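These are the residues of each chain, in order.
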Amino acid sequence: MTMQALNQLVARSIIDPTVVDAYSGGKISDVLSLFDFSADMRSQLSGIQANTWAEYAIQAYGIVKVAEEQVSRITLPSPLEGLLPEKGSADKEQVA
Amino acid sequence: MISTTLEERHWLLRNLAQGLIEYMSVTRPPVPVEEMLRHPPSIYERDFGVVDMYSSIWDATFARPPNRRGSIFVCIDIEPDKRHYALARETLTALITSEHGRRMGLCKLFTPFLLESADYFARQLLAPDSMVKAFRMRNGNRENFGLEFQLPARAAKRRWNEDGASAA
């Protein structure tokens, strides 16, 4: 969702000058609050230092991408899961 | 100026194209690029335009005459799909050299990579991921892809094989 929000923000910036105005005026956090970013992500994105809006967007992409990769690593099951024998059946084999 | 990777530039170009697609409120191909250039968003009133010309040198080229509106000068006697693509490709130059584009920092970022960036931008503008995905869900195939999106054969082949299109 966060990358989707960033995509929407960047897409909007090409036809809506208020996005770049807010960035240039040091008020990008006001614009970020209009999109679906978590509070933590909004804080990270508000703290980016860049010379231009385009550089800001590229840096934001890097931050969001890393965050989304970490989330997907956490939510994915271990590849080992399902390979281990169930405890019950292992016990039965030992008895046999 | 920060250094950028190809992946980062492509991501930015996809979203710039998406912004224009949303402005046009278009959900199905072909994307009316020429219509947008003739009736641009207010922020690009001094940057978008189309002028037909005869040329044996180029298919289309963007120019900004002094104190006049920037325009894409397009060869009058090329095939419709090539005209469509050339206009989309030159739109990137119009965008990044516009006052708004320069203010965004797009000119500095993309000028060193303009040729490659303009072609990628054109493919994304004329065939955005969402439309390519919908096309494939309607059982669209590679043979009629170019026809439906009004893409020249080479551009259609490249777009079909790109991430987001082939994986859609």
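Figured I'd write up the structure that's included with this text. (Residues numbered from 1 in each chain as written. Chains lettered and ligands numbered in written order. Predicted model: local features only at pLDDT ≥ 70, side-chain atom pairs only at ≥ 80, totals over all residues. Heavy atoms only, no water.)

1. Quick word on the packing of aromatic side chains
All names here are of chain A. Going through the model one piece at a time under the given rule, you end up with 10 aromatic pairs over all chains. Measuring from centroid to centroid gives 5.2 Å for Tyr23 and Tyr56, while their planes differ by 50°, and the two rings are tilted. Residue Tyr23 is found in helix H2 (residues 17–24), and its partner Tyr56 is found in helix H5 (residues 53–75); the two are separated by 33 residues along the sequence. Of the two residues, Tyr23 and Tyr56, both sit in the buried class. (Phe/Tyr/Trp six-rings, centres within 6.5 Å; stacked < 30°, edge-to-face > 60°. Helix = DSSP H or I, 4+ residues; strand = E, 2+ residues; numbered from the N terminus. Buried < 20%, exposed > 50% of the residue type's maximum accessible area, 1.4 Å probe, protein only.)

2. Observations concerning the side chain of Thr2(A)
All names here are of chain A. As for its placement among the helices and strands, Thr2 is situated in helix H1 (residues 2–13). Using a relative accessible area of 18% as the deciding quantity, one classes Thr2 as buried. Not counting chain neighbours up to four residues away, the residues in contact with Thr2 comprise Asp36, Phe37, Met41, Val64 and Glu68. (Contact = heavy atoms within 4.5 Å.)

3. As for unusual backbone geometry
Residues and elements named next belong to chain B. Residue Pro30 is reached from Pro29 by a cis peptide bond, and omega for that bond is 0°. Relative to the elements of secondary structure, Pro30 occurs in the loop between helix H1 (6–24) and helix H2 (33–38). Positioned with a positive phi, Ser25 is a non-glycine residue whose angle comes to about 55°. Structurally, Ser25 is set in the loop between H1 and H2. Within the chain, Asn139 stands out as a residue other than glycine whose phi angle is a positive 65°.

4. Examining the interface of chain A and chain B
Contact with chain A, which involves 20 residues of that partner, is made by 24 residues of chain B. In total, chain A and chain B occlude about 2100 Å² of area from one another, counting both sides; carbon and sulfur atoms represent 69% of this. Along the contact surface separating chain A from chain B lie 2 salt bridges. Two residues, Lys65(A) and Glu7(B), come together in a salt bridge whose shortest N-O distance is 2.8 Å. In this structure, the connection of chain A to chain B is made through 9 residue pairs in polar contact (both at pLDDT 80 or more). Those elements giving two or more residues to the side of chain A that touches chain B turn out to be H1, H2 and H5 of chain A. Ranked by the residues each element gives to the side of chain A that touches chain B, the list is headed by H5(A), at 7 residues. Tallied by class, the residues present in the side of chain A that touches chain B amount to 13 nonpolar, 4 polar and 3 charged. (Buried area = accessible area lost by both parts, 1.4 Å probe. Salt bridge = Lys/Arg side-chain N within 4 Å of Asp/Glu carboxyl O. Polar contact = N/O pair within 3.5 Å; in protein donor to acceptor, adjacent residues only side chain to side chain. Nonpolar A, V, L, I, M, F, W, Y, C, P; charged D, E, K, R; others polar.)

5. Considerations on the sheet that holds strand E3 (residues 71–75) of chain B
All names here are of chain B. Across the sheet, which stays open at both edges, the 3 strands sit in the order E1-E3-E2 with mixed pairing between neighbours. On the outer flanks of this sheet lie strand E1 (50–53) and strand E2 (60–63), each paired with one strand and no other. Strand-to-strand twist in this sheet, taken as the mean axis angle between neighbours without regard to direction, amounts to 25°. By the bridge criterion, 4 bridges tie E1 to E3 in an arrangement that is parallel. Each bridged residue has a counterpart across the sheet, and for Met53 the counterpart in E3 is Cys75. Each of E1, E2 and E3 is contacted by helix H3 (residues 80–97), which is oriented at about 20° to E2, the strand it contacts most. (Pairing = 2+ DSSP bridges. Axes fitted to C-alpha atoms, helices over the stretch in contact; angles between N-to-C directions.)

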